[in-house]
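Inside the fold
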Amino acid sequence: LGYTLQLVPLIVKVAAVNRLMVAAQNMKRVELSLYSLYGAVIGIALILIAMLTVWTATNPPQKSYDLSLTDSLTENGETIVLRTHYCESEKKIWEYLAVTWQVLLLIACCILAFQTRKIRLELNEARTLAMLVYSQFIFVVLRALTLVLESSIEQTALAASR
């Protein structure tokens, strides 16, 4: 939900500016409704909230834990065992869908940044979009790596990185 609330308003804004500039080049008049812009953001957020609700209802997170030995000893000479808790779901498809959704948002940002690169500087968000896409791309790659390397890395480390 965080990625959506971060990226979708910017996507809607840049798409509206792009639409205005294309219409201006074609000498056409375009009217933008503030309600349609807000509606697009709210509509997409509601779709995502519905998906998250279905995810939680069909595959609720389960409390899990990992045990690991430490080098510390108790007063009686017993080794201390560290128990770390984390949440996980049984079906991984939801995590793959979440990463796919984030990638789709980043692709939309890339397309809009490319389309708006030659707009006047006062309205140009291409540089902002490019930096946002770059930083978010790093996060989505790391997130995808945690999904791929899940079998070879300790679950508590993965839970902390996600």
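Residue indices follow the written sequence of each chain, beginning from 1 at its first position. At least 70 in pLDDT is required for a residue's local features to be given in this predicted model, at least 80 for side-chain atom pairs to be given and counted, and no such filter applies to totals for whole chains, interfaces and linings, which use all residues. Hydrogen atoms and water are omitted, and side-chain values are computed over all heavy atoms in the structure.

This brings us to the side chain of Ser64. Here Ser64 shows up in strand β1 (residues 62-73). Only heavy atoms enter the contact rule, under which two residues are in contact if any of them lie within 4.5 Å. Apart from residues lying up to four places away in sequence, Ser64 is in contact with Thr84, His85, Tyr86 and Glu88. A run of H or I in DSSP becomes a helix once it reaches four residues, and a run of E becomes a strand once it reaches two; helices and strands are each numbered from the N terminus.

To continue, consider unusual backbone geometry. The phi angle at Met27 is positive, at roughly 55°, despite the residue not being glycine. Here Met27 is to be found in the loop between α1 (2-25) and α2 (34-58). Overall, the relative accessible area of 76% leaves Met27 in the exposed class. Remark: exposure states derive from per-residue accessible area (1.4 Å probe, protein chains only) relative to the maximum for the residue type, with buried under 20%, exposed over 50%, and partly exposed in between.

Formed by 18 residues in total, the largest nonpolar core has its most connected members in Leu7, Ile11, Cys109 and Leu129. Not counting the four nearest positions on each side in its chain, Leu129 is found in contact with Leu10, Val14, Cys109, Leu112 and Ala113. As used in this record, nonpolar core signifies buried Ala, Val, Leu, Ile, Met, Phe, Trp, Tyr and Cys residues forming a set joined through side-chain atoms within 4.5 Å.

Once that is clear, we can look at the packing of aromatic side chains. When the centres of two rings from Phe, Tyr and Trp lie within 6.5 Å, Trp using its six-membered ring, the rings pair. Their planes under 30 degrees apart give stacked, over 60 give edge-to-face, and anything left gives tilted. This model, assessed by the stated rule, comprises one aromatic pair. Ring geometry for Trp55 versus Trp94: centroids 5.9 Å apart, planes at 10°, classification stacked. Note that Trp55 is positioned in helix α2 and Trp94 in helix α3 (residues 93-115), a separation of 39 residues in sequence. Under the relative-accessibility criterion, Trp55 is labelled buried at 18%. For the cation-ring pair, Arg83 lies above Tyr65, with the distance from its terminal atom to the ring centre recorded as 3.7 Å. Should the NZ of a Lys or the CZ of an Arg lie within 6 Å of a ring centre and within 35 degrees of the ring normal, that charge is described as sitting over the ring.

This part is about helix α4 (residues 126-148). End to end, α4 covers 32 Å across 23 residues, agreeing with the expected 33 Å (1.5 Å per residue, within 8%). Listed as buried for α4 are Ala126, Leu129, Leu132, Val133, Gln136, Val140, Thr146 and Leu147. Helices are assigned an expected span. That span is 1.5 Å times one less than the residue count.

Looking now at the pattern of salt bridges. The salt bridge definition used is simple: a Lys or Arg side-chain nitrogen within 4 Å of an Asp or Glu carboxyl oxygen. Evaluated as defined, the whole model comprises one salt bridge. A salt bridge links Glu95 to Lys92, with the nearest nitrogen and oxygen atoms 3.7 Å apart. A residue is classified by how much of its surface remains accessible, and Lys92, at 21% relative accessible area, is partly exposed.

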